[in-house]
Amino acid sequence: QKEVEQNSGPLSVPEGAIASLNCTYSDRVSQSFFWYRQYSGKSPELIMSIYSNGDKEDGRFTAQLNKASQYVSLLIRDSQPSDSATYLCAVTPGGTSYGKLTFGQGTILTVHP
Amino acid sequence: EPEVTQTPSHQVTQMGQEVILRCVPISNHLYFYWYRQILGQKVEFLVSFYNNEISEKSEIFDDQFSVERPDGSNFTLKIRSTKLEDSAMYFCASRNQGEQFFGPGTRLTVL
């Protein structure tokens with residue numbers, strides 16, 4: 001069973017701070033890595049994708065991938081109350097795959113004013 | 001901006017009844033997916049569909065489930081005889097290259 005693990009939180013940060021979200025995965029040959037944001041009762045919304053080792057920045061968001069450690073993280077700079085949501089890490093497997101996503105259980109982030 | 005749409009937003013059914021959940025993927029996408037999320041649990045993969053056939057399915061996707069792309073735009077998930085444990089949010093997703101985009105979901109309640 002290929003697993004994706006996240007700390008369920010809740011993670012609470014003050015407005016303007018950096019929120020750091022972490023994810024580990026068990027399938028060493030996983031190919032693609034995604035961060036989704038999910039507001040309560042809503043569908044997952046794609047924030048970032050990352051495919052190779054290193055950092056990828058998009059606005060206030062930075063995704064970091066370390067395949068040797070099987071670790072992917074998301075940093076949110078200048079956190080806003082509107083960033084309060086559940087953040088889902090998702091991974092596609094290696095080998096023959098049509099891109100199914102395996103999700104972690106999500107980390108609840110609360111940004112307080 | 002193109003988006004995945006799903007209907008209905010909420011479906012209530014009696015145990016043992018058949019339901020069909022409908023999705024319209026993004027128009028130039030080639031890969032289609034169904035996921036479900038039981039309240040308070042992880043998003044779980046059900047099935048992927050490519051080139052007019054199922055490409056991969058999970059253990060959840062048993063004989064009670066089927067998918068179809070009846071025309072050039074719709075993608076449906078049918079549950080033949082619903083059980084109480086089928087109550088969940090069902091999400092359709094589609095992709096062209098790497099990234100999957102999700103529809104708003106259908107909340108299925110089985111009574």
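Here the structure is a predicted model, which is why all the values come from computation and not from measurement.

Caption draft 1: Quick peek at the overall build of chain B. Assigned secondary structure in chain B consists of zero helices and 11 strands. Starting at the N terminus, the α and β elements of chain B follow one another as β-β-β-β-β-β-β-β-β-β-β. In terms of overall size, chain B behaves like a compact globule, its C-alpha atoms giving a radius of gyration of 13 Å where 111 residues would be expected to give roughly 13 Å. Taking the principal axes of the C-alpha coordinates as reference, chain B spans close to 40 × 25 × 25 Å. Out of the 111 residues belonging to chain B, those deemed buried represent 44%.

Caption draft 2: Expanded view of the pattern of salt bridges. Going through the model one piece at a time under the given rule, you end up with six salt bridges over all chains. Here Glu57 of chain A makes a salt bridge to Arg77 of chain A, at a shortest N to O gap of 3.5 Å. Separated by 20 residues along the polypeptide, Glu57 of chain A in strand β6 (residues 54–58) and Arg77 of chain A in the loop between β8 (71–76) and β9 (85–92) bring together distant segments of the chain. Put simply, Glu44 of chain B and Arg36 of chain B hold a salt bridge, and the shortest N to O gap is 3.2 Å. Since its relative accessible area comes to 25%, Glu44 of chain B is described here as partly exposed.

Caption draft 3: Examining the nonpolar core more closely. Formed by 24 residues in total, the largest nonpolar core has its most connected members in Trp35, Val72, Leu74, Ile76 and Tyr87 of chain A. Contributing elements (two or more residues each) for this core: β3 (19–25), β4 (32–38), β5 (45–50), β7 (61–66), β8, β9 and β11 (107–112) of chain A. Not counting the four nearest positions on each side in its chain, Ile76 of chain A is found in contact with Ala17, Ile18, Ala19, Leu21, Arg60, Phe61, Asp83, Tyr87 and Leu109 of chain A. Counting residues in each nonpolar core, the second largest holds 21 residues, with Phe32, Phe49, Val67 and Leu77 of chain B among its members.

Caption draft 4: The side chain of Thr92 of chain A, seen in detail. Residues and elements named next belong to chain A. Structurally, Thr92 is set in strand β9. For Thr92, a relative accessible area of 7% translates into the label buried. Each residue touching Thr92, except ones within four places of it in the same chain, is listed here: Ser30, Gln31, Ser32, Phe34, Gly99, Lys100 and Leu101.

Caption draft 5: Layout of the pairing of β8 of chain A. Residue and element names in this part refer to chain A. Where β3 lies against β8, six bridges are found, and the strand directions are antiparallel. Note that in β8 the partner of Ser20 across the bridge is Leu75. Pairing of β7 with β8 involves six bridges; the strand directions are antiparallel. Bridge assignment links Phe61 to a residue of β8, and that residue is Ile76. What sits between the antiparallel neighbours β7 and β8 is a turn of four residues, in which Gln70 has the positive phi angle 55°.

Caption draft 6: Geometry of the sheet that holds strand β3 (residues 19–24) of chain B. Residues and elements named next belong to chain B. Strand order in the open sheet made by the four strands is β1-β3-β8-β7, with antiparallel pairing throughout. If you trace the sheet from one side to the other, it starts and ends with β1 (5–7) and β7 (65–68), each paired once. Averaged over all pairs of adjacent strands, the angle between strand axes in this sheet comes to 20°, irrespective of strand direction. Inspection of the sheet shows β7 paired to strand β8 (residues 75–79) by four bridges, in the antiparallel sense. What sits directly across from Glu68, in β8, is Thr76.

Caption draft 7: Fine view of the sheet that holds strand β1 (residues 4–6) of chain A. Residues and elements named next belong to chain A. Strand order across the open sheet formed by five strands is β1-β3-β8-β7-β6, with antiparallel pairing between neighbours. Strands with a single pairing partner mark the edges of an open sheet, and in this sheet they are β1 and β6. With strand direction ignored, the average angle separating the axes of adjacent strands in the sheet is 20°.

Criteria and thresholds
- Along every chain, residues carry numbers that run from 1 in the direction the sequence is written.
- Chains carry letters from A onward and ligands carry numbers from 1 onward, assigned in written order.
- Under the rules for a predicted model, residues below a pLDDT of 70 receive no local features and side-chain atom pairs below 80 are neither given nor counted, while totals for whole chains, interfaces and linings still include all residues.
- In computing side-chain values, all of the structure's heavy atoms are included and hydrogens and water are not.
- Numbered from the N terminus, helices here are DSSP runs of H or I no shorter than four residues, and strands are runs of E no shorter than two.
- Every radius of gyration here is taken over C-alpha atoms, with the globule rule written as 2.2 Å times N^0.38, N being the number of residues.
- For every residue, the accessible area obtained with a 1.4 Å probe (protein chains only) is divided by the maximum for its type, and the residue is called buried under 20%, exposed over 50%, and partly exposed between those limits.
- Throughout this description, the term salt bridge denotes a Lys or Arg side-chain nitrogen within 4 Å of a carboxyl oxygen of Asp or Glu.
- Among buried residues, those of type Ala, Val, Leu, Ile, Met, Phe, Trp, Tyr and Cys that are joined through side-chain atoms within 4.5 Å constitute a nonpolar core.
- Contacts are assigned to residue pairs that have any heavy atoms within 4.5 Å of one another.
- Two strands qualify as a pair provided DSSP detects at least 2 bridges between them.
- Axis definition: a line fit to C-alpha positions, over the contact stretch in the case of helices; interaxial angles, taken between N-to-C directions, run 0 to 180 degrees.

Purely spatial values, then, with no claim about function.
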